[in-house]
Amino acid sequence: MTAAGPRVDAPPRAPGAHPLFGHLKPLLLDPLGLLAALPHLGDVVELRFGRTPTYVVCSPEAAQQVLRNPDRAFDKGGTFYENVRSLVGDGMATCPLAEHKRLRRLAQPAFRTDRMSGYARTIHAQVEAATSTWRHGQVLDALPEMRSLATRTTFATMFRRRELGPEIDGLRRAVTDFVEHQTVLRMVAPIVNRLPTARNHRYRASEARLLRFLDGEIAAYRADGTDHGDLMSMFTTSPDGDPLTDAEVRDTVMTVLLGGITTTAVSHAWALHQLSLDAALDAEVAAEARAAAPLDTPDAVDRLPLTRGVVAEVLRHRTAGWIFPRVAVTDTTIGSRRVPAGAQVLLSPYVLHHRPDLFAAPDNFDPRRWDGRDPHRTKGWLPFGAGESKCIGYELAFMDLTLSLADIVRSWRPLPCPTPVRPRPRLHLEPHGLTLRLAERDPR
Ligand code: HEM
């Protein structure tokens, strides 16, 4: 699909570009404000920073075209990926499309519906363990706490061969170091990672810790050869004689760990924040959760329609994966806009989720908009992406968010603290400054 067909034009450029630095300043200072202003300029809008032309996709149709990629005109790549690639190597999320299909096929069985029962039990056990130390009146630093819960749950669904014990704390710190490292500056200028700073040094040390742990586990799983009903058993065995190599298992596990933990943690934290702001909603979700117990099976999700609405709305309103890139591998078009080979194309679910023509009053948090509506079939709702690289963990993530939220809220009421909370876009969209006061609900 090139210029031979109907007339195509270059995408409009967003206003306010500096002659030298382009849109770098607004991108660093207020990326969400910059993005929110783009859709009224067109379906595809040019931003400038650095020498590579960069285009932001602003309509659901254009996003579907890029993600479903029928002409193979786009691949993974661009400066936004380089940061992440340094840790997850050529894992499923970052490898070129040529290698992607095989990695995805080999990892897919771990996310089959019949594995979900085991994962639901693990999720319930980890929420119980995490909340057992909470006390009435305690002030919770919500994001680190939810990151800790998500780390425990992800490691427990991944490595069931043995109890991880105290080493989990070191692993949690390593994951936190990685996440803290991901700033928008590093996403647009990955060269910053190569500077000899204390922060880069700490990051490398955490990376080495995670990799040492993984190499030991891969060797142990290979030697053992038993199916422990966990992700690692699936990654280290192959029913069709084409197993993942050690390097591929390592990159895949790193992708799942970092993709799964950080996204789930920020979404949990945002959900608790929203409930803390709305006492009536919180009471309804708590009542629903109590009526739906026990909460350790996948079918409990069906008994939690309002909680599901809260989760769908968090994923819309404060979508964790607020931006992710592709690269045009050939001269092509998106809709009626020309995009040259080598251009970086940015997909932003945040932009789509805040279009008033798709979601009425998009800045309002309104779980009721999902009453009787399936988010997965809703035009423009793309928190997990789409096409062949759609989040492989999306069913697990939705189940985890729904069951854990219900499990927490049936016993604990999150109350707001006076500190201001604002969305902070880093690798994922974080609730900056979020602390909550815990109130224990009366046991019934
Ligand atoms: C709220 C939770 C989550 C959100 C919002 C989320 C979002 C996303 C998005 C937007 C993508 C597509 C990126 C792209 O197309 O470039 C993705 C891919 C991926 N996600 Fe998630 N994710 C979540 C949870 C999880 C969990 C729990 C796991 C695993 C346990 C996981 C594993 C992955 C993997 C392996 C990929 C790469 C898939 C591929 O390229 O084929 N994610 N995720």
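Residues numbered from 1 in each chain as written. Predicted model: local features only at pLDDT ≥ 70, side-chain atom pairs only at ≥ 80, totals over all residues. Heavy atoms only, no water.

Student: Describe in detail the overall build of the protein, supporting the description with residues and values.
Tutor: From N to C terminus, the protein includes 16 helices and 12 strands. At 22 Å, the protein has a C-alpha radius of gyration in line with the 22 Å of a compact globule built from 444 residues. For the C-alpha atoms alone, the extent of the protein along its principal axes is close to 65 × 55 × 45 Å. For the protein, with 444 residues in total, the buried portion stands at 55%. Carbon together with sulfur atoms contributes 54% to the accessible area of the protein, which is approximately 18900 Å² in total. Positive and negative charge centroids in the protein, built from 56 and 51 side chains respectively, lie 4 Å apart. (Helix = DSSP H or I, 4+ residues; strand = E, 2+ residues; numbered from the N terminus. Rg over C-alpha atoms; globule rule 2.2 N^0.38 Å. Buried < 20%, exposed > 50% of the residue type's maximum accessible area, 1.4 Å probe, protein only. Areas by Shrake-Rupley, 256 points an atom, 1.4 Å probe, with all protein chains shown as cover. Lys, Arg positive; Asp, Glu negative; His and termini not counted. Charge placed at Lys NZ, Arg CZ, Asp CG, Glu CD.)

Student: Hey, could you go over the site of the ligand for me, with residue numbers and the actual values?
Tutor: Near the ligand you find 27 residues, and of these Tyr-81, His-100, Arg-104, Arg-326 and Cys-391 are the closest. Measuring from an oxygen atom of the ligand, one finds a side-chain N or O atom of His-100 at 2.5 Å. Between the ligand and Arg-104, the relevant distance is 2.7 Å, taken from an oxygen atom to a side-chain nitrogen or oxygen of the residue. Looking at the shell around the ligand, the elements with two or more residues in it are helix H5 (97-107), helix H12 (246-277), strand E5 (324-328) and helix H16 (394-409). No other element matches H12, which puts five residues into the shell around the ligand. (Near = heavy atom within 4 Å. Polar contact = N/O pair within 3.5 Å; in protein donor to acceptor, adjacent residues only side chain to side chain.)

Student: Got a sec to walk through the sheet that holds strand E2 (residues 54-57)? Specific residues and values, please.
Tutor: One open sheet holds the five strands; their spatial order is E1-E2-E8-E5-E3, and the pairing between them is mixed. The two strands at the open ends of the sheet, each matched to only one other strand, are strand E1 (44-47) and strand E3 (74-75). Judged from the four bridges that link them, E2 and strand E8 (residues 344-347) form a sheet pairing that is parallel. Across the sheet, residue Tyr-55 finds its bridge partner in E8, namely Val-345. Each of E2, E3, E5 and E8 touches helix H3 (residues 60-68); the most contacted strand, E8, lies at about 120° to it. (Pairing = 2+ DSSP bridges. Contact = heavy atoms within 4.5 Å. Axes fitted to C-alpha atoms, helices over the stretch in contact; angles between N-to-C directions.)

Student: Now, about the packing of aromatic side chains: what can you tell me, with residues and values included?
Tutor: All chains considered together, the criterion is met by eight aromatic pairs. With centroids separated by 5.6 Å and ring planes inclined at 25°, the aromatic side chains of Phe-155 and Phe-159 adopt a geometry described as stacked. With 5.8 Å between their ring centres and 65° between their planes, Phe-155 and Phe-213 make a pair best called edge-to-face. Of the two residues, Phe-155 sits in helix H7 (residues 142-158) while Phe-213 sits in helix H10 (residues 198-224), which places them 58 residues apart along the sequence. Here Phe-155 matches Phe-213 in class, with each residue buried. Put simply, the rings of Phe-359, Trp-370, Trp-381, Phe-384 and Tyr-394 touch in pairs and so form one group of aromatic residues. (Phe/Tyr/Trp six-rings, centres within 6.5 Å; stacked < 30°, edge-to-face > 60°.)

Student: Hey, could you go over the sheet that holds strand E4 (residues 139-141) for me, with residue numbers and the actual values?
Tutor: With antiparallel pairing, the three strands of this open sheet are ordered in space as E4-E12-E9. Looking at the sheet topology across the chains shown, the edges are occupied by E4 and strand E9 (412-416). Adjacent strand axes in the sheet meet at a mean angle of 40° when their direction is disregarded. Relative to strand E12 (residues 435-440), E9 runs antiparallel, the two being bridged by five bridges. Directly across from Arg-413, in E12, lies its bridge partner Ala-439.

Student: Requested: an account of the environment of Pro-431, with residues and values cited.
Tutor: Tracing the sequence through the fold places Pro-431 in strand E11 (residues 429-432). Sequence spacing of Pro-431 and Leu-143 is 288 residues, and the spatial spacing of their C-alpha atoms is 7.3 Å. When neighbours within four sequence positions are excluded, Pro-431 is seen to be in contact with Leu-143, Val-266, Ala-269, Trp-270, Val-421 and Arg-422.

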